[in-house]
Amino acid sequence: MWIWIAVVVVAVIIMGAAGVRLLGRLDGLRRAAVRLQRRQAEAAKLQEAALELQQTVLAVQQRAELIQEHAILKRG
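> Can you tell me about the overall build of the protein chain, naming the residues and giving the values?
Across its full length, the protein chain carries one helix and zero strands. For the protein chain, whose C-alpha radius of gyration is 33 Å, the value lies well above the compact-globule estimate of 11 Å for 76 residues. Each of the three principal axes of the protein chain carries a C-alpha extent, and together these read 110 × 10 × 10 Å. Each of the 76 residues in the protein chain was classed as buried or not, and the buried ones make up 0%.

Structure below.
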C-alpha cells in the first residue's frame, strides 16, 4: 500500500514539475506573440508612411516637370 502511495506522490511531483515548465514556456510564447503583434502594428504604420512619402515624391516630381516645361516655354 505504501508503495502505491509513493508511486502516486512521485508521479504527481513529476507532473507538477512538467506543468511548471510548460507554463513557463507558454508565458514565453505569449510574450513573443505580443512583441510580434507590436512589430506588425509598427510595420503597418511604416507602410502607410511609405505610401504617403511615395505620393509626396510623385507630386514633387510632377511639379518639377511643370516648372521645367514652364521654363522651356518662357525661353522659347
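Okay, back to it.
> Could you give an account of the pattern of salt bridges, naming the residues involved and the relevant values?
Applying the stated criterion across every chain yields a total of two salt bridges. Measuring nitrogen to oxygen at the nearest pair gives 2.9 Å for the salt bridge that ties Asp27 to Arg30. Of the two residues, Asp27 and Arg30 both sit in helix α1 (residues 2–75), three residues apart, roughly one turn of that helix. On the basis of relative accessibility, which here comes to 48%, the residue Arg30 falls in the partly exposed class. Across the pair Asp27 and Arg31 runs a salt bridge, and its minimum N-O distance is 2.7 Å. With Asp27 and Arg31 both in helix α1, this residue pair falls four residues apart, about one helical turn. Overall, the relative accessible area of 29% leaves Asp27 in the partly exposed class. Through salt bridges that share partners, Asp27, Arg30 and Arg31 make up one connected network.

> Quick one: what's the story with a nonpolar patch on the surface, residue by residue and with numbers?
Side chains of Met1, Trp2, Ile5, Val9 and Ile13 sit close together on the surface and give an oily, nonpolar patch of about 630 Å² of accessible area. Along the chain, Ile13 falls in helix α1.

> Outline the environment of Glu69, supporting the account with residue identities and numerical values.
With respect to the helices and strands, the residue Glu69 is situated in helix α1. Measuring from C-alpha to C-alpha, the distance between Glu69 and Leu51 comes to 27 Å, with 18 residues separating the pair along the chain.

Rules and cut-offs
Residues numbered from 1 in each chain as written. Predicted model: local features only at pLDDT ≥ 70, side-chain atom pairs only at ≥ 80, totals over all residues. Heavy atoms only, no water. Helix = DSSP H or I, 4+ residues; strand = E, 2+ residues; numbered from the N terminus. Rg over C-alpha atoms; globule rule 2.2 N^0.38 Å. Buried < 20%, exposed > 50% of the residue type's maximum accessible area, 1.4 Å probe, protein only. Salt bridge = Lys/Arg side-chain N within 4 Å of Asp/Glu carboxyl O. Patch = residues over 30% accessible without salt bridge, like charges linked within 9 Å, V, L, I, M, F, W, Y side chains within 5 Å. Areas by Shrake-Rupley, 256 points an atom, 1.4 Å probe, with all protein chains shown as cover.

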